Amino acid sequence: NDSVELAVTFVKEVGAMLLEVSPKGLHSVFERFRGILHEGEIHKRVQFIIEGLFTVRKTSFEDFPAVLQELDLVEIDDQITHELSLEDKLDAQSGLDVFKLDPNFEESEREYGKMKKEILGESSSEEEDSDGEGSEEEDSEEERDEGPPPTAAPVVTDAGGAGITDMTETDLVNLRRSIYLTIMSALDFEEAGHKLMKIKIPEGKEDELSSMIIECCSQERTYVKYYGLLAHRFCQVRRVYQDCFAEAFHKQYKTIHRLETNKLRNVAKLFAHLLETDGLPWSVLTAIKITEDDTTSSSRIFIKILFQELAASLGLKTLNERLQERSAVSSGWYDGVFPKNLPKDTRFSINFFTSIGLGGLTDDMRAHLKNLPKTIMQNKQPNPVPSSRPQKNKGGRSDSCSYSGSYSYSGSSYSYSYSYSGSYSYSDTADSGEGRKKGKK
């Protein structure tokens, strides 16, 4: 906190000069201050000090000039600049640090006065003071002459007095512009949310706010947490905004192939922030189907960044618990993320999560895939069918029976079949006194 406050004070003093010499460098400094505000790890008092610095920047450092007026004594043409290098050997003249009595003090003062008049002139300071007072008076007179700001143009009506409906969507364009300017000009998400709540958004146009926040987030070079906090704030304020962001998730996932990699990454991190903070219900994951046929390279990158961000913020254990909740599993929220209909899709999902370093989420699918053959055999047991009644011979007793059956399973890209048949016979003769068993399968 102390170092940030010191940096703010320093920038106030040198900001006017940096604005003239290196405006890009000054812009990077203010971007760093903006990042510190978005992180929210400093004290409230220091946050207000940084906000005051941004206010000073808007006025182009008028209250903090590069050179004070009382020190601006030498004209630019008369100034002599001494350039020194850090590698040059300089004469420190340390003897001047020691006070020595000057026996010719009065003569030295008179020579110094003559030199001062030659360089500065006698009436230079008086003229500057009079010019400054005159300019201030002129500015005040101009302000008095200016009237009130112009009012909005009246509504256009036709000859009958009825209003003309504008079909060019001018109102919608103006709404988007005001939302964009408010988002980009705010210092932090709290200020942006407060100002956006004051904008009268027509009923049914709330999705313009969610789409504009997502669009602004995607345009950044790197993901800025400011947009995630702002989106979460609106999801908590009204249910209609939460529904708008949920609908935007489905829409963005369907058209994710249209985004560049950088925009795709920012959008994925924005939705990951909303999911980890419960700004969005986890039921939106029903839009995701991790199969070879239903995914593209862009959608796989989106899913990868989404789940990696969730694992980094929640932890792999907590994330796995959230994905194994009974109510969510019974509702089928994650059937597309963890498919179990076909072994092919199950293997694809397992390989995908393992390749992105989240193999711990696939334990349930691995157990399902391992027990799948046993489950199939347990569900279909053979039913013996007697072929004929027992037959008796003269030499002894004999019994026989036979059984047969088949089982098959087929899908869109996978099929499995199994068939079985056989016979069984038993005979007992008086000669041998022993039983013989014959079987064939």
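Before going into details, it helps to say that this report is about the structure given with it. Note that residues are indexed from 1 along each chain, following the sequence as it is written. The predicted origin of the model limits local features to residues at a pLDDT of at least 70 and limits the giving and counting of side-chain atom pairs to 80 or more, whereas totals for whole chains, interfaces and linings rest on all residues. Processing note: side-chain calculations cover all non-hydrogen atoms of the structure and skip hydrogens and water entirely.

## Topic: a nonpolar patch on the surface
In step 1: Patches draw on residues past 30% relative accessible area with no salt bridge. Two like charges within 9 Å are joined, as are two nonpolar side chains (Val, Leu, Ile, Met, Phe, Trp, Tyr) within 5 Å. Throughout, the Shrake-Rupley method with a 1.4 Å probe supplies accessible areas, and for residues the shown protein chains are the sole cover considered. A carboxyl oxygen of Asp or Glu within 4 Å of a side-chain nitrogen of Lys or Arg is what we treat as a salt bridge. There is a patch of nonpolar side chains on the surface, built from V67, L68 and L71 and spanning about 280 Å² of accessible area.
In step 2: Tracing the backbone shows V67 in the loop between α3 (44-58) and α4 (105-120).
In step 3: Judged by its relative accessible area of 47%, V67 falls in the partly exposed class. In DSSP terms, a helix is any run of H or I states spanning at least four residues, a strand is any run of E spanning at least two, and both are numbered starting from the N terminus. Only protein chains enter the accessibility calculation, which uses a 1.4 Å probe; a residue is then buried when its area is under 20% of its type maximum, exposed when over 50%, and partly exposed in between.

## What about the packing of aromatic side chains?
In step 1: Only Phe, Tyr and Trp rings take part, Trp by its six-membered ring, and two of them pair if their centres are within 6.5 Å. Stacked means planes under 30 degrees apart, edge-to-face means over 60, and tilted covers everything else. Following the criterion strictly, the structure yields 11 aromatic pairs and no others.
In step 2: Centre to centre, the rings of Y253 and F302 are 5.9 Å apart; their planes meet at 55°, and the pair counts as tilted. Taken as a pair, Y253 in helix α10 (residues 239-254) and F302 in helix α12 (residues 297-314) lie far apart in primary sequence, 49 residues in all. Per residue, the accessibility class of Y253 equals that of F302, and both read buried.
In step 3: Relative to Y334, the ring of W333 has its centre 6.4 Å away and its plane inclined at 85°; by these criteria the two rings are edge-to-face.
In step 4: Using a relative accessible area of 5% as the deciding quantity, one classes Y334 as buried.
In step 5: Three or more aromatic residues joined by ring pairs make a cluster, and in this case those are F249, Y253, F271 and F302.
In step 6: Distance and angle both matter: a charge sits over a ring if NZ of Lys or CZ of Arg is within 6 Å of the ring centre and within 35 degrees of the ring normal. Cation over ring: R57 sits above F30, and NZ or CZ is 4.4 Å from the ring centre.

## Remarks on the layout of surface pockets
In step 1: Definitions used for this entry: grid spacing 1 Å over protein atoms alone; cavity, a set of points where a 1.4 Å probe fits but cannot get out; pocket, an open set with protein on both sides within 12 Å along at least 5 of 7 lines; lining residue, one with an atom within 4 Å of a point. Grid points are joined across faces, edges and corners, and a volume is the space filled by probe spheres set on the points. In this structure, the largest pocket occupies an estimated 380 Å³ of space.
In step 2: Around the largest pocket, the lining comprises 15 residues; the ones closest to its centre are E31, R34, H38, E220 and V224.
In step 3: Per-element tally for the lining of the largest pocket: the top contributor is helix α2 (residues 23-39), with 7 residues.

## Notes on a negative patch on the surface
In step 1: Taken together, D102, E106, E107, E109 and E111 make up a surface patch of like negative charges.
In step 2: In this structure, E106 sits in helix α4. Counting rule for charge: Lys and Arg are taken as positive, Asp and Glu as negative, and neither His nor the chain ends is counted. By convention, the charge on Lys lies at NZ, on Arg at CZ, on Asp at CG and on Glu at CD.

## Quick look at the packing of α10 against helix α11 (residues 261-276)
In step 1: Convention adopted: a line fitted to C-alpha atoms gives each axis, helices being fitted over their contacting stretch, and angles between N-to-C directions are expressed from 0 to 180 degrees. Two elements in contact, α10 and α11, have axes whose closest approach is 12 Å; the angle formed by their N-to-C orientations is 145°. Every pair of crossing elements has a handedness; the one defined by α10 and α11 is left-handed. Side by side, α10 and α11 meet where F245, A248, F249 and Q252 of the first sit next to V267, F271 and L274 of the second.
In step 2: For this classification, the nonpolar set comprises Ala, Val, Leu, Ile, Met, Phe, Trp, Tyr, Cys and Pro, the charged set comprises Asp, Glu, Lys and Arg, and every other residue, Gly included, is treated as polar. Looking at the contact of α10 with α11 residue by residue, the class counts come to 6 nonpolar, 1 polar and no charged. Handedness of each helix crossing follows the sense of rotation of the near helix against the far helix: counterclockwise by less than a right angle gives left-handed, clockwise gives right-handed. Whether two residues are in contact is decided by their heavy atoms, any of which lying within 4.5 Å being enough.

## Structural notes on the nonpolar core
In step 1: Core analysis: the largest hydrophobic core is formed by 62 residues, its most contacted members being I183, L285, F302, L306 and F353.
In step 2: With 8 residues, α11 is the largest single contributor of residues to this core.
In step 3: Setting aside chain neighbours within four positions, we find L285 in contact with F249, L275, L306, L323, W333, Y334 and V337.
In step 4: We define a nonpolar core as any set of buried Ala, Val, Leu, Ile, Met, Phe, Trp, Tyr and Cys residues linked to one another through side-chain atoms lying within 4.5 Å. If you look at the next biggest cluster of nonpolar residues, it comprises 17 residues, including L26, I42, L53 and F61.

## Observations concerning unusual backbone geometry
In step 1: The backbone phi angle of S60 is positive, close to 60°, even though this residue is not glycine.
In step 2: Looking at S60, the relative accessible area reads 44%, which means it is partly exposed.

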